Amino acid sequence: MSARTTGQVRVVGTGLLGTSIGLGLTSLDVDVVLDDVSPSTLALAVDYGAGRRAAEGDAPAIVVVAVPPDVVARVVAEELARFPEALVTDVASVKAGPLAALQAAGAPVARYLGSHPMAGRERSGPIAARADLFLGRPWVIAPHEASTAEQAVLLESLAFELGAIPVRLPAERHDDAVAVVSHAPQLVSSLLAARLVDAPDHATDLAGQGLRDTTRIAASDPALWVQILSANAARVLPVLSDLRDDLDALLGALADPAAPGAQRALADVLAAGNDGVARIPGKHGVDLRTTTLTVLIDDRPGQLARLLTEIGELGVNLEDMRLEHSPGAPIGIVEVSVLPEAAGGLEADLERRGWRVA
Ligand SMILES: NC(=O)c1ccc[n+]([C@@H]2O[C@H](COP(=O)([O-])OP(=O)(O)OC[C@H]3O[C@@H](n4cnc5c(N)ncnc54)[C@H](O)[C@@H]3O)[C@@H](O)[C@H]2O)c1
Ligand SMILES: O=C(O)C(=O)C[C@]1(C(=O)O)C=C[C@@H](O)C=C1
């Protein structure tokens, strides 16, 4: 496949995010140049095929800064100064702080447009990187007073190229949103997993899928998360404070489950959880009789019909289907449910025919 992104892309910071971006773009024949403060990390990213080493004479059209949040503003400022023709973006998990720091430092922010792919892993470094990390995931682009619509379109193309769904959101609103959907969940998962430290072996030996589902991200890098949480502390605080109120009410109910109103209080907590989880896009309950494949389609007339026709041609019966749109994004997400025994073959056949299956 060839890319819509033309020109060179320079990636600074070749850890999980930077190497994943490099792998995805390189597979589309984009000229990717890589840089990292750590020579061994850079060498690994080059060995994995995420791009070539940065060199004299590089002339990137886009610079993607994928370094830890505490140095992101400094590195963005350096890149703006070093490549005066380039659009510089970053992928840090917080957006308001870096923008404010750049503005305060008098950096040429008219060429800076922050972004944040809502995709990651609980592991760091280039070894954990994957070209398909961003498939079907939102990728926030955070316009500000000095950025332009053309720049946003350029980054949207980059995100789309990597299979992500671009979403425009100003930095402050982004930071409010991730406090609820990313930062508080990380802490809750860590707190939950911390309960296991002193649990006896016969308890941890029984760990089932419920515990695994709720604790995967507890394995995340503490050093990175200390930075993320510190940078968004003021927005995470009210979320955790509301959570503490809910926890206090729950403790009251559990202290005497037979007391009047206690059963209702417990049921309310669980029902609110049902309502909350139903609001997560693409998580509308699991039908164990079918397997769901997620296919990304260009948001153009006839694409959905073509997909359904091809599934028919492949002799697979559709059990169910859902179409999701992200407002303004040039992509549609189709969830097709098929019998489990047909799913593996269908996925391979669709990919062979050029469809992108997430
Ligand atoms: N990990 C995730 O799931 C995730 C998801 C979305 C966004 N992010 C954001 O992406 C950024 C990178 O996170 P990651 O998980 O890839 O971390 P990582 O630790 O895997 O990689 C960071 C890389 O940056 C390099 N680096 C540090 N300082 C540098 C400097 N001054 N110049 C050049 N390179 C430097 C490090 O050597 C390392 O290779 C962070 O800002 C993070 O908030 C992370
Ligand atoms: O799924 C993971 O392991 C993540 O790290 C994901 C996740 C998230 O909370 O969605 C974590 C932090 C990043 O800023 C973006 C993505």
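Everything numeric here is computed off the predicted structure, so don't read it as measured data.

Criteria and cut-off values
The numbers attached to residues start from 1 for each chain and follow its sequence in the written order. For this description, chains carry letters from A and ligands carry numbers from 1, given in the order in which they are written. A pLDDT threshold of at least 70 governs which residues receive local features in this predicted model, and a stricter bar of 80 or more applies before side-chain atom pairs are shown or counted, although totals over entire chains, interfaces and linings include all residues. Side-chain descriptors were evaluated using all non-hydrogen atoms of the structure, hydrogens and water having been removed beforehand. Residues are classed as near a molecule or strand on a simple rule: at least one heavy atom within 4 Å of it. Polar contacts here mean pairs of N or O atoms no more than 3.5 Å apart (in protein, one a potential hydrogen donor and the other a potential acceptor; neighbouring residues in sequence count only if both atoms are side-chain atoms). Only the protein chains shown count as cover for residues, and all accessible areas are computed by the Shrake-Rupley method using a 1.4 Å probe. Think of it this way: any DSSP run of H or I at least four residues long counts as a helix, any run of E at least two long counts as a strand, and we number them from the N terminus. Under the scheme applied, nonpolar residues are Ala, Val, Leu, Ile, Met, Phe, Trp, Tyr, Cys and Pro; charged residues are Asp, Glu, Lys and Arg; polar residues are all the others, including Gly. Helix axes are fitted only over the stretch in contact, all axes being lines through C-alpha atoms; the angle between N-to-C directions runs from 0 to 180 degrees. Each angle is binned into one of four classes, with values under 35 degrees roughly parallel, values over 145 roughly antiparallel, values of 65 to 115 roughly perpendicular, and all other values oblique. Crossing chirality is assigned from the near helix's rotation relative to the far helix, an anticlockwise turn below a right angle marking it left-handed and a clockwise turn marking it right-handed. Any two residues having at least one pair of non-hydrogen atoms within 4.5 Å are treated as being in contact. Buried residues are those whose accessible area, probed at 1.4 Å on protein chains only, stays under 20% of the maximum for their type, while exposed residues exceed 50% and partly exposed ones sit between those limits. A pair is scored as a salt bridge if a Lys or Arg side-chain nitrogen falls within 4 Å of a carboxyl oxygen belonging to Asp or Glu. pLDDT is a residue-level measure of predictor confidence that goes from 0 to 100. Note: two strands are recorded as paired if DSSP finds a minimum of 2 bridges between them. Starting at the helix axis, one direction is taken to each C-beta atom, and the arc is that of these directions. Buried and open spaces are told apart on a 1 Å grid over the protein atoms alone, a cavity being a set of points where a 1.4 Å probe fits but cannot get out and a pocket being an open set with protein on both sides within 12 Å along at least five of seven lines. Residues with an atom within 4 Å of a point are the lining residues. Grid points are joined across faces, edges and corners, and a volume is the space filled by probe spheres set on the points. Each nonpolar core is a collection of buried residues, namely Ala, Val, Leu, Ile, Met, Phe, Trp, Tyr and Cys, held together in the definition by side-chain atoms within 4.5 Å.

Undergrad: I would appreciate a short explanation of the site of ligand 1 in the present structure.
TA: The local shell around ligand 1 holds 28 residues, among which Leu 17, Asp 36, Val 67, Ser 93 and Gly 125 are the closest. The separation between an oxygen atom of ligand 1 and a polar side-chain atom of Ser 93 is 2.6 Å. Within the backbone of Gly 125, a nitrogen or oxygen atom sits 2.7 Å from an oxygen atom of ligand 1. Taken by itself ligand 1 offers 830 Å² of open surface, and the protein chains cover 85% of this. Counting only elements with at least two residues in the shell around ligand 1, the list comes to helix 1 (16–26), helix 3 (69–82), strand 6 (114–117) and helix 9 (222–231). It is helix 3 that provides the largest number of residues to the shell around ligand 1, a total of three residues. Within the shell around ligand 1, the residues separate by chemical class into 16 nonpolar, 10 polar and two charged.

Undergrad: What's the story with the packing of helix 6 (residues 171–194) against helix 9 in this structure? I'm lost.
TA: It is the contact of helix 6 with helix 9, at a shortest axis distance of 11 Å, that shows an interaxial angle of 130°. When the interaxial angle is binned, helix 6 and helix 9 end up oblique. Considering the relative orientation of helix 6 and helix 9, their crossing is left-handed. Residues Ser 182, His 183, Gln 186 and Leu 187 of helix 6 lie in contact with helix 9, whose contacting residues are Trp 225, Ile 228 and Leu 229.

Undergrad: Before we go on, may I ask you to explain the environment of Glu 79 in this structure?
TA: Within the secondary structure, Glu 79 is located in helix 3. With relative accessibility at 4%, the residue Glu 79 sits in the buried group. Sequence separation between Glu 79 and Thr 89 is 10 residues, and the spatial gap between their C-alpha atoms is 9.7 Å. Those residues in contact with Glu 79 that lie beyond four places of it in its chain are Arg 10, Val 12, Val 63, Val 65 and Val 88.

Undergrad: Just to check I follow, could you spell out the environment of Val 277 for this structure?
TA: Examined against the element boundaries, Val 277 turns out to sit in helix 11 (residues 262–277). Spatially, the C-alpha atom of Val 277 lies 34 Å from that of Arg 352, the residues being 75 residues apart in sequence.

Undergrad: Quick question: what am I supposed to make of the pattern of salt bridges here?
TA: In a structure, side chains of opposite charge can pair up when their charged atoms sit close to one another. The tally for this structure, following the rule as stated, stands at 18 salt bridges. Measuring nitrogen to oxygen at the nearest pair gives 2.5 Å for the salt bridge that ties Arg 216 to Glu 122. Here the residue Arg 216 occupies a position in the loop between helix 8 (209–215) and helix 9, and Glu 122 occupies one in the loop between strand 6 and strand 7 (138–142), the gap between them amounting to 94 residues. In this structure, Asp 176 engages Arg 235 in a salt bridge whose closest nitrogen and oxygen atoms are separated by 2.9 Å. On the criterion of sequence distance, the pair formed by Asp 176 in helix 6 and Arg 235 in helix 10 (residues 233–255) is long-range, its members being 59 residues apart.

Undergrad: Looking at this structure, how should I read the confidence of the model for the protein?
TA: Close inspection of predicted coordinates is inappropriate for parts of the model with low pLDDT. The pLDDT averaged across the protein works out to 93; a share of 95% of its residues lies at or above 70. Overall fold confidence for the complex sits at a pTM of 0.84, while the interface term, ipTM, reaches 0.98.

Undergrad: Help me understand the pairing of strand 6 in this model?
TA: Each regular strand carries side chains that alternate between the two faces of the sheet. Every second residue of strand 6 is oriented toward a common face, with Gly 114 and His 116 on one face and Ser 115 and Pro 117 on the other, all of them buried. Summarising the sheet, strand 6 and strand 7 pair through four bridges and their orientation is antiparallel. Paired with Pro 117 across the two strands is Trp 139, which belongs to strand 7.

Undergrad: I tried to follow helix 9 on my own but got confused; where do I start?
TA: Within an α-helix, residues lying three or four positions from one another point in the same direction, as the helix has 3.6 residues per turn. Regarding helix 9, the residues found buried are Trp 225, Ile 228 and Leu 229. The buried side chains of helix 9 occupy one side of the element, clustering within an arc of 95° when seen end-on. Residues of helix 9 that are exposed and point over 90 degrees away from its buried face: Val 226 and Ser 230. Buried residues in helix 9 make contact with helix 3, helix 6 and helix 10.

Undergrad: Explain empty space enclosed by the protein to me, please; I cannot follow it from the model alone.
TA: In this approach, a probe sized like a water molecule rolls over the atoms, and the result shows the empty space that is left. As enumerated under the stated definition, the model contains one cavity of 30 Å³ or more in all. In this model, the largest cavity occupies a volume close to 40 Å³. What lines the largest cavity is simply Lys 95, Leu 99, Tyr 112, Gly 114, Ala 142, Pro 143, His 144 and Ala 171. For the lining of the largest cavity, the class distribution of residues is five nonpolar, two polar and one charged.

Undergrad: Looking at this model, I keep getting lost on the nonpolar core. Mind explaining?
TA: Generally speaking, a soluble globular protein has its nonpolar side chains buried in company with each other. Residues Val 9, Ile 21, Leu 25, Val 64, Phe 134 and Trp 139 are the most contacted members of the largest nonpolar core, which totals 33 residues. Looking at this core, the elements that each hand over two or more residues are strand 1 (8–12), helix 1, strand 2 (32–35), helix 2 (39–47), strand 4 (60–65), strand 7 and helix 5 (149–161). Element by element, the count of residues in this core is highest for helix 1, at five residues. Not counting residues up to four positions away in its chain, the partners in contact with Phe 134 are Leu 17, Ser 20, Ile 21, Pro 117, Ala 119, Trp 139, Leu 162, Gly 163 and Ala 164. Counting 18 residues, the second-largest nonpolar core is a separate cluster that includes Ala 73, Val 75, Val 88 and Val 109.

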